[in-house]
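# Chains, contacts and geometry: an overview
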Amino acid sequence: MGGTTEFFEIETTASQESFDISDRVKDVVARSGIARGLCQVIVLHSTCAIVLNETADPNIGKDVLRALGEVFPERDDWLHNLKDDNAASHLRASVLGPSEVIPIVDGELLLGKWQEVWLFEFDGPRARRVAVHLVEG
Amino acid sequence: MGGTTEFFEIETTASQESFDISDRVKDVVARSGIARGLCQVIVLHSTCAIVLNETADPNIGKDVLRALGEVFPERDDWLHNLKDDNAASHLRASVLGPSEVIPIVDGELLLGKWQEVWLFEFDGPRARRVAVHLVEG
Amino acid sequence: MGGTTEFFEIETTASQESFDISDRVKDVVARSGIARGLCQVIVLHSTCAIVLNETADPNIGKDVLRALGEVFPERDDWLHNLKDDNAASHLRASVLGPSEVIPIVDGELLLGKWQEVWLFEFDGPRARRVAVHLVEG
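A quick note: this is a predicted structure, and the numbers were derived from the prediction, not measured. (Residues numbered from 1 in each chain as written. Chains lettered and ligands numbered in written order. Predicted model: local features only at pLDDT ≥ 70, side-chain atom pairs only at ≥ 80, totals over all residues.)

### A look at the pairing of strand β5 (residues 99–105) of chain A
Residue and element names in this part refer to chain A. Keep this limit in mind: Our exposure labels follow a C-beta count within 10 Å of each residue's own C-beta, placed from the backbone: buried means 20 or more other C-beta atoms, exposed means 12 or fewer, and partly exposed covers the counts in between. Strands here mean DSSP runs of E at least two residues long; helices mean DSSP runs of H or I at least four residues long; both are numbered from the N terminus. Any two strands with at least two DSSP bridges between them are considered paired.
With six of seven residues buried, β5 is to be regarded as a mostly interior element. Bridging between strand β3 (residues 37–43) and β5 involves six bridges; their strand directions are antiparallel. Bridge pairing links C39 to I102 in β5. Summarising the sheet, β5 and strand β6 (residues 108–109) pair through two bridges and their orientation is antiparallel. Among the inter-strand pairings, I104 is bridged to a residue of β6, identified as L109. Between β5 and β6, which pair antiparallel one after the other, the connecting turn spans two residues, and D106 there sits at a positive phi close to 55 degrees.

### Let's talk about the environment of V105 of chain A
Cut-off, in case you're wondering: Contacts here follow a simple rule: the backbone-placed C-beta atoms of the two residues must lie within 7 Å.
Note that V105 of chain A resides in strand β5. Each C-alpha atom, one on V105 of chain A and one on S32 of chain A, is 13 Å from the other, the two residues being 73 residues apart in sequence. Residues within four places of V105 of chain A in sequence aside, it is in contact with R36 and L110 of chain A together with T5 of chain C.

### Brief notes about the sheet that holds β3 of chain A
Residues and elements named next belong to chain A. Threshold: Axis definition: a line fitted to C-alpha atoms, limited for helices to the stretch in contact. Angles are taken between N-to-C directions and run from 0 to 180 degrees.
Reading across from one edge, β1-β8-β3-β5-β6 is the order of the five strands in this open sheet, with antiparallel pairing throughout. Two strands in the sheet have a free side with no partner beyond their single neighbour: β1 (4–11) and β6. Along the sheet face, helix α1 (residues 22–32) touches β1, β3, β5, β6 and β8 (127–136) and points at about 35 degrees away from the line of β8.

### Overview of the relation of the copies chain C and chain B
Spelled out, the test is: A least-squares fit on C-alpha atoms brings the copies together, and the residues used are those whose pLDDT is at least 70 in both copies.
Expressed as a screw operation, the relation of chain C to chain B combines 0.0 Å of axial shift with a rotation of 120 degrees, fitting to an RMSD of 0.0 Å. Look at the turn and shift together and you get a three-fold axis relating the two. Within chain C, the C-alpha atom positioned nearest to the axis of rotation is that of V95 of chain C, 3.8 Å from it.

### Re the interface of chain C and chain B
Worth spelling out the cut-off: Here the nonpolar group is Ala, Val, Leu, Ile, Met, Phe, Trp, Tyr, Cys and Pro; Asp, Glu, Lys and Arg are the charged ones; every other residue, Gly included, is treated as polar.
On the side of chain B, 31 residues touch chain C, which itself brings 27 residues to the contact. At the level of elements, β3 (37–43), β4 (48–53), α2 (59–71), α3 (87–96) and β5 (99–105) of chain C are the ones that each hand at least two residues to the side of chain C that touches chain B. Here the side of chain C that touches chain B gets seven residues from one element, more than from any other, and that element is α2 of chain C. Grouping the amino acids of the side of chain C that touches chain B by side-chain chemistry returns 16 nonpolar, six polar and five charged.

### Section: the interface of chain A and chain B
Contact with chain A, which involves 31 residues of that partner, is made by 27 residues of chain B. Contributions of two or more residues to the side of chain A that touches chain B are made by β3, α3 (87–96), β5 and β8 of chain A. By residue number, the principal contributor to the side of chain A that touches chain B is α3 of chain A, which donates six residues. Of the residues belonging to the side of chain A that touches chain B, the class tally is 16 nonpolar, 12 polar and three charged.

### Structural notes on the environment of G137 of chain A
As for its placement among the helices and strands, G137 of chain A is situated in the segment after β8. Separated by 50 residues in sequence, G137 of chain A and A87 of chain A place their C-alpha atoms 39 Å apart.

### With respect to α2 of chain C
Put simply, the rule is: For a helix, the expected span equals 1.5 Å multiplied by the number of residues minus one.
A rise of 1.5 Å per residue sets the reference length of α2 of chain C, with its 13 residues, at 18 Å; its end C-alpha atoms lie 18 Å apart and thus fit the reference within 8%. For α2 of chain C, the set of buried residues is N59, I60, G61, D63, V64, A67 and L68 of chain C. In the core, the buried residues of α2 of chain C are packed alongside α3 (87–96) of chain B together with β2 (17–20), β4, α3 and β7 (116–121) of chain C.

### Let's talk about the packing of α3 of chain B against α2 of chain C
Geometry of a packed helix pair, given as the angle between the helix axes and the separation of the axes. Our working definition: For classification purposes, angles smaller than 35 degrees are called roughly parallel, those larger than 145 roughly antiparallel, those between 65 and 115 roughly perpendicular, and all remaining angles oblique. Crossing chirality is assigned from the near helix's rotation relative to the far helix, an anticlockwise turn below a right angle marking it left-handed and a clockwise turn marking it right-handed.
Direction vectors running N to C along α3 of chain B and α2 of chain C enclose 65 degrees, while the axes themselves pass 10 Å from each other. With respect to α2 of chain C, the element α3 of chain B is oriented roughly perpendicular. For α3 of chain B against α2 of chain C, the interelement crossing comes out right-handed. For the pair α3 of chain B and α2 of chain C, the contacting residues are A87, H90, L91 and S94 of chain B in the first and I60, D63, V64 and A67 of chain C in the second. Looking at the contact of α3 of chain B with α2 of chain C, its residues break down into five nonpolar, two polar and one charged.

All we've got here are geometric facts, nothing functional implied.
Structure follows, in structure tokens:
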């Protein structure tokens, strides 16, 4: 069994932010020697998300943050705010989801020319832990 | 091959509701004896969703239901309502998605401290069938 | 290892459109001879999405397109529009996501009675490439 799981941390620097983490994911795949299988990228927090989209223009990340901020705004009457004051962050993260699965073919991620791996932060700044979990098959 | 697939049912009790189903998923993983691989949780209906987020405060589920209810409201002019009167339920479920994949490492689900598995009901009350599908690797 | 990856193309015919691609995915699974594992369907573009929902009424696809069009409208001030004029397409695709994973059990996709595989186009018409990536296990 050639499966492997590696972890890395991202120190986010603002309350909301987007990062291209493609290179770190590709490094794990390259080092694993796995020729074929699945690569799952999961952020181990409930106010962050992993997204596959274009990062060649980083403004796409900013547009996503702005759009979700308007659709799921901060509000005094979110029930979770009675406890933790970050309900809107949970909402935005829930809609995007904490994980993506990517095919591995011929030892590389199978993605389109304009698809890269984003980490979205909705409740920073914090240290965020990401797992890259590879399954051969 | 140690793969296994188990099913369970949830009887929902309201038109919209959220449930923490983490324990049922963890039971399937523990009984499988699988040390490493992937766990897919999928609800076999198109007006429900599976979400990974914090359930320690159940109000997060209520906030998600309310937010999606406002963003994708019931309306007379959804085209699907000509047939079935639950278009808004399909919309909300489509945005969250019916399934999540979770890594299995050392015989356990790999999730963050504040990540659990939610089932969301958008068109209840009904009996809802969930599959937990495990692949070793 | 019985894993396999196949590709097909869809020629979309409008700027926004939804397609039931279930039969093409099921064909790949049937031809593979894989009895058990995972089937990932991924569209290799960042302004399209793959969704599991009901296609028996194609109006559900139209309602999803309309709803996302209203929630994430075309606007002059999306930052990405300085470069490419399709920011809203990226937003809508990001929320739905480019891929779905489906269990394979007894040689078939494990889906509910009302669950099928949709391709959503948000920036057509174009030729869109879809990968069906199967892992045995």
